[in-house]
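The lines below spell out each chain.
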Amino acid sequence: MNRLLFPVLCGAMLLAGPAFAACETDNLPDEMRLAFISGAQEALNEHGFNAGSVDGKMGSRTRTAIRSYQRAAKLPVDGCATQGLLDHLNFSQPKIYGPNKPH
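Notes on the structure follow.

Definitions and cut-offs
Residues numbered from 1 in each chain as written. Predicted model: local features only at pLDDT ≥ 70, side-chain atom pairs only at ≥ 80, totals over all residues. Heavy atoms only, no water. Helix = DSSP H or I, 4+ residues; strand = E, 2+ residues; numbered from the N terminus. Buried < 20%, exposed > 50% of the residue type's maximum accessible area, 1.4 Å probe, protein only. Areas by Shrake-Rupley, 256 points an atom, 1.4 Å probe, with all protein chains shown as cover. Disulfide = S-S within 2.5 Å.

## Structural notes on the overall build of the protein chain
For the protein chain, the helix and strand inventory stands at four helices and zero strands. In the protein chain, which comprises 103 residues, the proportion classed as buried is 30%. Accessible area of the protein chain: about 7,100 Å², with a carbon and sulfur share of 60%.

## Things to note about unusual backbone geometry
With an omega of -5°, the peptide bond running from Gln-93 to Pro-94 counts as cis. Relative to the helices and strands, Pro-94 resides in the segment after helix H4 (83-91).

## Structural notes on the state of the cysteines
Under the criterion given, the structure shown has one disulfide. Disulfide pairing places Cys-23 opposite Cys-80 at an S-S distance of 1.9 Å. What sets the handedness of the Cys-23 and Cys-80 disulfide is the S-S torsion sign, and at about -80° it is left-handed. Taken together, the positions of Cys-23 in the loop between helix H1 (2-16) and helix H2 (30-46) and Cys-80 in the loop between helix H3 (60-72) and H4 put the pair 57 residues apart, joining distant regions of the chain. Each member of the pair, Cys-23 together with Cys-80, is buried.

## Points about the environment of Ala-35
Within the secondary structure, Ala-35 sits in helix H2. Taking the relative accessible area as the measure of exposure, Ala-35 reaches 48% and is therefore partly exposed. Residues Ala-35 and Ala-81, 46 residues apart in the sequence, show an inter-C-alpha distance of 9.7 Å.

Spelled out as structure tokens, the structure:
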């Protein structure tokens, strides 16, 4: 009986859960979300984490840059542009720099 139940439960969990973790900024008004993402893109680029152009859009390059920064800074890795991420980028000491930091 347990052999039959396990695959059913696993399939139900996959269907029930989202494919990715939602970010707290996903439900913000468009202007606020744009400001968070643009601010993160600008700061990430300045720190050498290539987030692409500062356009306020959460594309794959921006999400990858956020995750890379979070790993380097030993933060929880969720790929979200949050106030906490912006604060860390702007105020943490010592600064965390990525491989693309201009010299």
